[in-house]
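Descriptive structure summary
This is what each chain is made of:
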Amino acid sequence: MSERQTERETDLERRAKRAFDDSVGALDAATRSRLTQARYRALQELAAGRRSAWLGWLRLPTSPLAPAGALAAVALAALLLVWRAELLPSEAILEGPPVADLDILLGDEDLEMLDEDLEFYAWLEEQPELTAPPAAGDGVG
Amino acid sequence: MGLALSILRNDLATSARGDDALDSGAAIEAFLREVETRAYRIALLGVRDRDDALDIVQDAMIRLVQRYADRPSEQWPPLFYRILQNRIRDVQRRRTVRRRVLSFFGGTESEDAPDPLLAAPAPSGENPLEQLVAHDAMVALEQALLMLPPRQREAFTLRNFEGLDVAQTAEAMSCTEGSVKTHYSRAVHRLRELLGEHGEEHWNERAAD
C-alpha cells in the first residue's frame, strides 16, 4: 500500500467520522426523547435488579436457619397440643356435670358405688313421696 | 469523539473505582447517555427502520445493565456494542425469514415506505448550505456502507464511528484482532472505491473542507 493511498484512506476515515458525528448531532428531539426514555428504562432495570439482589441477600442469612425455625414451630405446635390435651379432661369436668354434683364428686363416697347404683339414685330422686316431708299425725313415732 | 470517549472512559474508570453502588449507577448512566445517540445511528444504518433501531438500542441498554453493570466500566463499550451488533443481526435475520415466508405465499413487503436514511434530518450546521452538504455526505457514506459485507461494515462502524480500538472491536465482533484489521482495511479500501468512483459530489465537497 503506497503512502499516498494510506493518506487517502486516513483522510477518508477522518471525513467519515466527521459525517457520522454530524448526523448524530442532527438527531431530532423526538428521537432523542425516545433514547432518553430507553435509557431510563434500562436504569430502572438496574435498580430493580439491585433491589432483587438486596432482598436475596436478606434471605441468604436466614435460609440456613429456615429448617431450624420450622422445627421450632413444629415443636411449639406439638407442645401446645399436648398442653391442650392435658387441659381437656378438666374442661370436660367443668363443662360436663352440673355444678350441683360437685359435692358428690368432691365427697368421700365410693365412686364405684355411684357408678353401679346411678340409676337407682336417679329413680330415688324422682320419687315425690320420698322427698316430701312426712305427714303429721300418721301414728309413727 | 475519540478524545471525548477517552475522557469518558477515564471518568468512568474513576467513578467505578468507588465501591458505592450509586457511583456505579451514575457511571453506567453516563456511559449510556454518551453512547445512545451513536448507537442509534449505527442501528439505523443496520436495520433502516427508526422504531426497530430504537428498540435495538433499548434492548442493548437493558441487557448491558442486567448482565454487565458490575463489570469494570472499561469493559462496557465492547460489551455494549457486541450486544448491539447481535441485536442488529437478529432483526436482519428475522426480516430475511419474513421475506422468504412472504415470497413463499406470493406476497411482498412494501417498497413504497420512505427510506429513513434518506429521510433523516439535516445536520445542524452553521448554515443551510453546510447542513445540506453534511447531510448529503452522510447519505452518500451510508449508501456506500450498505454495499459492504456485514462484517466489514461492523468493523468500520465500530472502529471509525465509535472509536473502539482493535482489541475492543475484536471483542465486540467476537473475532480475532487479525480479522478486525482485515475487515477494516477492506472496508476502507472499498469505501474509497465507492465514494471515489461514483463521484459523490457532496462527499467530495465535504472532503475538501
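Quick look at the structure, then. (Residues numbered from 1 in each chain as written. Chains lettered and ligands numbered in written order. Predicted model: local features only at pLDDT ≥ 70, side-chain atom pairs only at ≥ 80, totals over all residues. Heavy atoms only, no water.)

1. So, the overall build of chain A
Put simply, the rule is: Secondary structure elements follow DSSP: runs of H or I no shorter than four residues count as helices, runs of E no shorter than two count as strands, and numbering proceeds from the N terminus. Three exposure classes are used, based on accessible area relative to the maximum for each residue type with a 1.4 Å probe and protein chains only: buried under 20%, partly exposed in between, and exposed over 50%. Each accessible area value is a Shrake-Rupley result obtained with a 1.4 Å probe; residue values ignore everything except the protein chains displayed when judging cover.
Regarding its fold elements, chain A presents seven helices and zero strands. Its helices and strands in sequence order give chain A the pattern α-α-α-α-α-α-α, from N to C terminus. Expressed as a percentage of its 141 residues, the buried residues of chain A come to 16%. Per element, the accessible surface of chain A, about 11000 Å² overall, is 63% carbon and sulfur.

2. Considerations on the overall build of chain B
The following threshold applies: Whether two residues touch is decided by their heavy atoms; if any such pair falls within 4.5 Å, the residues are in contact.
Counting its secondary structure elements, chain B contains nine helices and zero strands. Shown N-terminal to C-terminal, the secondary structure of chain B runs as helices and strands in the order α-α-α-α-α-α-α-α-α. Here the analysis covers contacts within chain B between residues at least 6 apart in sequence; of these, 64% occur between residues at least 24 apart. Of the roughly 10300 Å² that chain B leaves accessible, carbon and sulfur atoms contribute 49%.

3. Section: the packing of helix 4 (residues 76-104) of chain B against helix 6 (residues 150-161) of chain B
Residues and elements named next belong to chain B. As a reminder of what qualifies: Fitted lines through C-alpha atoms give the axes, limited to the stretch in contact for helices. The angle between two N-to-C directions lies from 0 to 180 degrees. Should the near helix be turned counterclockwise from the far one by less than a right angle, the crossing is left-handed, whereas a clockwise turn marks it as right-handed.
Contact pair helix 4 / helix 6: the axes reach a minimum separation of 12 Å and the direction vectors enclose 145 degrees. Like other packed secondary-structure pairs, helix 4 and helix 6 cross with a definite hand, here right-handed. Contacts between helix 4 and helix 6 involve Tyr-81, Gln-85, Arg-89 and Gln-92 from the first element and Arg-151, Arg-153, Glu-154, Thr-157 and Leu-158 from the second.

4. Examining unusual backbone geometry
All names here are of chain B. We note that Arg-48 has phi near 60 degrees; this positive angle belongs to a residue other than glycine. Exposure remark for Arg-48: the relative accessible area of 31% places this residue in the partly exposed category. You will see that Ser-174, though not glycine, has its phi angle at about 55 degrees, which is positive. Using a relative accessible area of 52% as the deciding quantity, one classes Ser-174 as exposed.

5. Some points on a nonpolar patch on the surface
Going by this rule: Two joining distances apply to patches: 9 Å for like charges and 5 Å for nonpolar side chains (Val, Leu, Ile, Met, Phe, Trp, Tyr), and every residue must have over 30% relative accessible area and no salt bridge. Any Lys or Arg side-chain nitrogen found within 4 Å of a carboxyl oxygen on Asp or Glu counts as a salt bridge.
Taken together, A:Leu76, A:Leu79, A:Leu80 and A:Trp83 make up a surface patch of nonpolar side chains, about 450 Å² in accessible area. Relative to the assigned elements, A:Leu76 resides in helix 3 (residues 66-95).

6. A closer look at the packing of helix 6 of chain B against helix 7 (residues 166-173) of chain B
Residues and elements named next belong to chain B. Basically, it comes down to this: When an angle is under 35 degrees it counts as roughly parallel; over 145 it counts as roughly antiparallel; between 65 and 115 it counts as roughly perpendicular; any other value is oblique. Residue polarity is assigned by list, with Asp, Glu, Lys and Arg as charged and Ala, Val, Leu, Ile, Met, Phe, Trp, Tyr, Cys and Pro as nonpolar; anything else, Gly included, falls into the polar class.
Packing of helix 6 against helix 7 leaves a shortest axis separation of 10 Å and a crossing angle of 135 degrees. The pairing of helix 6 with helix 7 is recorded here as oblique in orientation. In this structure, helix 6 meets helix 7 at a crossing whose hand is right-handed. Every residue of helix 7 that contacts helix 6 at Arg-151, Glu-154, Ala-155, Leu-158 and Arg-159 is listed here: Val-166, Thr-169, Ala-172 and Met-173. Among the residues making up the contact of helix 6 with helix 7, the classes are represented as five nonpolar, one polar and three charged.

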